[in-house]
Amino acid sequence: MNLRKILPQDNEAIKNIIQQSILEHGAPKIGTAYSDAATQAMYQHYQKPRRDYYVLEVDGVVVGGAGVAPLDNYDGNVSELQKMYFKPEVRGKGYGKKMILVCLERAAQLRFDSIYLETMDNMYDAQELYKNVGFELLQGPLGDTGHFSCPVQMLKKL
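What counts and what doesn't
Residues numbered from 1 in each chain as written. Predicted model: local features only at pLDDT ≥ 70, side-chain atom pairs only at ≥ 80, totals over all residues. Heavy atoms only, no water. Phe/Tyr/Trp six-rings, centres within 6.5 Å; stacked < 30°, edge-to-face > 60°. Buried < 20%, exposed > 50% of the residue type's maximum accessible area, 1.4 Å probe, protein only. Salt bridge = Lys/Arg side-chain N within 4 Å of Asp/Glu carboxyl O. Helix = DSSP H or I, 4+ residues; strand = E, 2+ residues; numbered from the N terminus. Polar contact = N/O pair within 3.5 Å; in protein donor to acceptor, adjacent residues only side chain to side chain. Contact = heavy atoms within 4.5 Å.

Q: If you had to explain the packing of aromatic side chains to someone new, which residues and values would you point to?
A: Counted according to the given criterion, the structure contains two aromatic pairs. Taking the centre distance of 5.1 Å and the plane angle of 45° together, the rings of Tyr-46 and Tyr-53 count as tilted. Comparing Tyr-46 with Tyr-53, the two get one shared label, buried. Taken together, a centroid distance of 5.9 Å and an interplanar angle of 65° make the contact between Tyr-130 and Phe-135 edge-to-face. Here Tyr-130 and Phe-135 have matching classes, each one buried.

In structure tokens:
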């Protein structure tokens, strides 16, 4: 297992993982990360200030990733856990927890006050992981990420 920052050559692999995971869970293409401009050019998107994206490699193959960035369209010092998706064959092996802990640590290093996320209501395992590391459910969205098809919002103080 190798957890590292995204490289330009990872763009296609991580885009495919994100889009396939969204389709696998029956989520719409519009109003989710599927159609984000960032999903089309992940490396480039995460070169901006106060953001990083990490990929997970197993046997030299990119199998997932997650990132942290400022929460879009929000007036406050809140980061967002972004685009955390893994291939089905590596889920349930503890990689998600390792990845989220790296992202939480990075958000704290970037001096954010808290970290926000949005997810689908049928991504039960992901929601359980988020709760286990201290995220709490919110009553509605913060900011405006454009992910209006993601009905679950959570927040964790850093």
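Q: Requested: an account of the pattern of salt bridges, with residues and values cited.
A: Counted under the stated rule, the structure contains seven salt bridges. Between Glu-57 and Arg-4 there is a salt bridge; the shortest N-O distance is 3.0 Å. Of this pair, Glu-57 sits in strand S2 (residues 52–58) while Arg-4 sits in strand S1 (residues 2–5), placing them 53 residues apart in sequence. With respect to class, Glu-57 is no different from Arg-4; both count as buried. Notably, a salt bridge pairs Asp-36 with Lys-83, separated by 2.8 Å at the nearest N-O pair.

Q: Would you mind going over the side chain of Lys-83 in detail, with residue names and values included?
A: Structurally, the position occupied by Lys-83 is in strand S4 (residues 78–86). Side chain to side chain, Lys-83 and Asp-36 meet in a polar contact 2.8 Å long. The contact partners of Lys-83, leaving out residues within four places of it in the chain, are Ile-18, Ala-33, Asp-36, Ala-38, Thr-39, Met-42, Tyr-46, Tyr-53, Gly-65 and Ala-66.

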